[in-house]
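Structural characterization, general
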Amino acid sequence: MKLLVTGGAGFIGSAFVRLALRENWASRLVNLDKLTYAGNLENLTTIEADPRYRFAQGDICDTKLAVSLIEEEKPDAIVHFAAESHVDRSILGPAAFVETNVRGTFSLLEAARATKLPRFLHVSTDEVYGSIDEPHDADEEYPLKTASPYSASKAGSDLLALSYFTTFKMAVTVTRASNNYGPYQFPEKLIPLMISNALEGKPLPIYGDGLQVRDWLFVDDHCRAIWAALTKGAPGQIYNVGGSRALPNRTVVEKILDAVGQPHTLMTTVADRPGHDRRYAITTEKLEKATGWHALMPFEQGLALTIQWYKDNAPWIARVRSGEYQHYYDKNYQGR
Ligand code: NAD
Ligand code: TYD
């Protein structure tokens, strides 16, 4: 397949690009990325010389640019990752979330409609279902109940994407994944932030009581699910993607501290996140039945592999934590 990937310099997008070329899913792959603070071409050094690969720096809100790329490259599908992706940043500054996640997705949908692009895979999140009380798990019919500007902007973009299937008969599919972890994740999200702080013996900030529950999905399992949904899933459908490994945050952080050989006393309680969702939980039977996909990576193995990657890539961490990151860190954590 010839693919146009958006946000391919970010955490999940770059894992998808590397895998799509390694597994020969893509005969051609164009990566459209604005290179925000989260976009990093260092994530793609292993494939940048591949003749099938092309990088195009640009904003998904620029419909003309997307149309010209599609006309030039004639992709069979768009795989749309590009987004503002971090809840805490959406609390500090929601505007960019509406701009990129809602208007940017609209712009891409319009580009795809204008060029009659055959297939559109919209990458979304289980956060659109909001906090889910035990013992329930959300299936794809579960009502949307968003708490943060991030999840609200993703829910808005999901509905727009699905409306293009219903109204314009565009072959749009939506995936909604749980919390991803793995190599190359920007150290603002729980697991990479805790690993990088623990490696330096710095305090690990736990929001509130730390008993909030998240389901953890290894990034390559997510990428394989996206490929399965694109090639074996049906247009107009939503597919949840999860790792079937729900854990309270404290347990995750304790596992990291144990693996790194640091004391649990490094955990420091800080003020809770406003609007903090207590528990995310999804079912993934629909994708499994439709495509045969299953999450393969056991959490403990994926976590060990991820910690090793951060240990081996200290210069990568140092570079992404220089400059803007320090400003964000102070703004989010100082005096909390
Ligand atoms: P990320 O923040 O690591 O990367 C986002 C990428 O999008 C960056 O490369 C950035 O430069 C690019 N980008 C941002 N705004 C852009 C714009 N206007 N135009 C072009 N490019 C732009 O994000 P991620 O964690 O890799 O998430 C990728 C997708 O997966 C997002 O849509 C996110 O909502 C979704 N998702 C993430 C998770 C998770 O746990 N991280 C879970 C489920 C779903
Ligand atoms: P995060 O990785 O931001 O993902 P999301 O909020 O989108 O699920 O956070 C995962 C959980 O970890 C969430 O309950 C918030 C919590 N958390 C902390 O306790 N401390 C932190 O410094 C961060 C970044 C997250």
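1. Quick word on the site of ligand 1
The immediate surroundings of ligand 1 are formed by 28 residues, with Ile12, Asp33, Ser85, Tyr150 and Lys154 found nearest. Contact between ligand 1 and Lys154: an oxygen atom at 2.7 Å from a side-chain N or O atom of the residue. Separating an oxygen atom of ligand 1 from a backbone N or O atom of Asn180 is a distance of 2.9 Å. Computed on the free molecule, ligand 1 has an accessible area of 840 Å², of which 97% lies beneath the protein chains in the complex. Breaking the shell around ligand 1 down by element, the ones donating at least two residues are helix 1 (11–22), strand 5 (119–125), helix 5 (149–168) and strand 7 (179–181). Examining the composition of the shell around ligand 1, we find that three residues originate from one element, strand 5, more than from any other. The class makeup of the residues in the shell around ligand 1 is 12 nonpolar, 12 polar and four charged.

2. Digging into the sheet that holds strand 9 (residues 213–218)
What holds strands together in a sheet is hydrogen bonding between their backbones, with the strands either parallel or antiparallel. Read across the sheet, three strands follow the order 7-9-11 without closing on themselves; strand pairing throughout is mixed. Here the strands that pair on one side only, and so sit at the sheet edges, are strand 7 and strand 11 (246–248). Averaged over all adjacent pairs, the angle separating strand axes in this sheet is 50°, with direction ignored. Here strand 9 runs beside strand 11; their pairing, made up of three bridges, is antiparallel.

3. Observations concerning the site of ligand 2
Close to ligand 2 lie 19 residues; Glu127, Arg214, Arg273, His276 and Tyr333 are nearest. A distance of 2.8 Å separates an oxygen atom of ligand 2 from a polar atom in the side chain of Asn179. Considered on its own, ligand 2 offers 510 Å² of accessible surface; in the complex 98% of this is hidden by protein. Put simply, the parts of the chain that give the shell around ligand 2 at least two residues each are helix 3 (87–92), helix 6 (190–199) and strand 8 (204–207). Per-element tally for the shell around ligand 2: the top contributor is strand 8, with three residues. Taken together, the residues that form the shell around ligand 2 break down as eight nonpolar, five polar and six charged.

4. Quick look at the packing of helix 6 against helix 10 (residues 299–312)
The N-to-C vectors of helix 6 and helix 10 enclose an angle of 55°; their axes lie 10 Å apart at closest approach. Between helix 6 and helix 10, the angle is such that the two are oblique. Remark: the crossing between helix 6 and helix 10 carries right-handed chirality. Contact residues: helix 6 offers Ile191, Pro192, Ile195 and Leu199, while helix 10 offers Phe299, Leu303, Thr306, Ile307, Tyr310 and Lys311.

5. Overview of the pairing of strand 1 (residues 2–6)
A large share of strand 1 lies buried, amounting to four of its five residues. Each parallel crossover has a hand, and for strand 1 linked through helix 1 to strand 2 (residues 28–33) it is right-handed. In this sheet, strand 4 (residues 77–80) lies alongside strand 1 in parallel orientation, the contact comprising four bridges. Counted as the bridge partner of Leu3 is Ala77 from strand 4.

6. Details of helix 1
Over its 12 residues, helix 1 runs 17 Å from end to end, which matches the ideal 16 Å to within 8%, given 1.5 Å per residue. Summarising burial for helix 1: 10 of the 12 residues are buried, a large majority. When helix 1 is considered as a whole, its buried residues turn out to be Phe11, Gly13, Ser14, Ala15, Phe16, Val17, Arg18, Leu19, Ala20 and Leu21. Buried residues belonging to helix 1 abut strand 1, strand 2, strand 3 (53–57), strand 4, strand 7 and helix 7 (219–232).

7. Some thoughts on the pattern of salt bridges
Under the definition given, this model contains 21 salt bridges. A salt bridge links Arg89 to Glu324, with the shortest nitrogen-to-oxygen separation between them at 2.7 Å. Pair noted here: Arg89 is in helix 3 and Glu324 is in helix 12 (residues 324–333), with a separation of 235 residues, a long-range link. In this structure, Asp221 and Arg224 form a salt bridge, with 2.6 Å as the shortest nitrogen-oxygen distance. In this pair, Asp221 and Arg224 both sit in helix 7, three residues apart, roughly one turn of the helix. Judged by relative accessible area, Asp221 falls into the buried class, the value being 3%.

8. A look at the layout of surface pockets
The volume enclosed by the second largest pocket comes to roughly 210 Å³. Of all the elements, helix 12 adds the most residues to the lining of the second largest pocket, at four residues.

9. Brief notes about the packing of helix 8 (residues 249–260) against helix 10
Interaxial distance between helix 8 and helix 10 falls to 11 Å at its minimum, and their mutual angle equals 55°. The pairing of helix 8 with helix 10 is recorded here as oblique in orientation. The chirality of how helix 8 crosses helix 10 is right-handed. Taking contact as the criterion, the partners of Val252, Lys255, Ile256, Ala259 and Val260 in helix 8 are, on helix 10, Phe299, Glu300, Leu303, Ile307 and Lys311. The residue makeup of the contact of helix 8 with helix 10, split by class, is seven nonpolar, no polar and three charged.

Reading the values: rules and limits
Residues numbered from 1 in each chain as written. Chains lettered and ligands numbered in written order. Predicted model: local features only at pLDDT ≥ 70, side-chain atom pairs only at ≥ 80, totals over all residues. Heavy atoms only, no water. Near = heavy atom within 4 Å. Polar contact = N/O pair within 3.5 Å; in protein donor to acceptor, adjacent residues only side chain to side chain. Areas by Shrake-Rupley, 256 points an atom, 1.4 Å probe, with all protein chains shown as cover. Helix = DSSP H or I, 4+ residues; strand = E, 2+ residues; numbered from the N terminus. Nonpolar A, V, L, I, M, F, W, Y, C, P; charged D, E, K, R; others polar. Pairing = 2+ DSSP bridges. Axes fitted to C-alpha atoms, helices over the stretch in contact; angles between N-to-C directions. Parallel < 35°, antiparallel > 145°, perpendicular 65-115°, else oblique. Left-handed = near helix turned anticlockwise from the far one by under 90°. Contact = heavy atoms within 4.5 Å. Buried < 20%, exposed > 50% of the residue type's maximum accessible area, 1.4 Å probe, protein only. Right-handed = clockwise from strand over helix to strand, strands pointing away. Expected span 1.5 Å × (residues − 1). Salt bridge = Lys/Arg side-chain N within 4 Å of Asp/Glu carboxyl O. 1 Å grid on protein atoms, 1.4 Å probe; cavity = no way out; pocket = protein on both sides within 12 Å on 5 of 7 lines; lining within 4 Å. Points joined across faces, edges and corners; volume = space filled by probe spheres on them.

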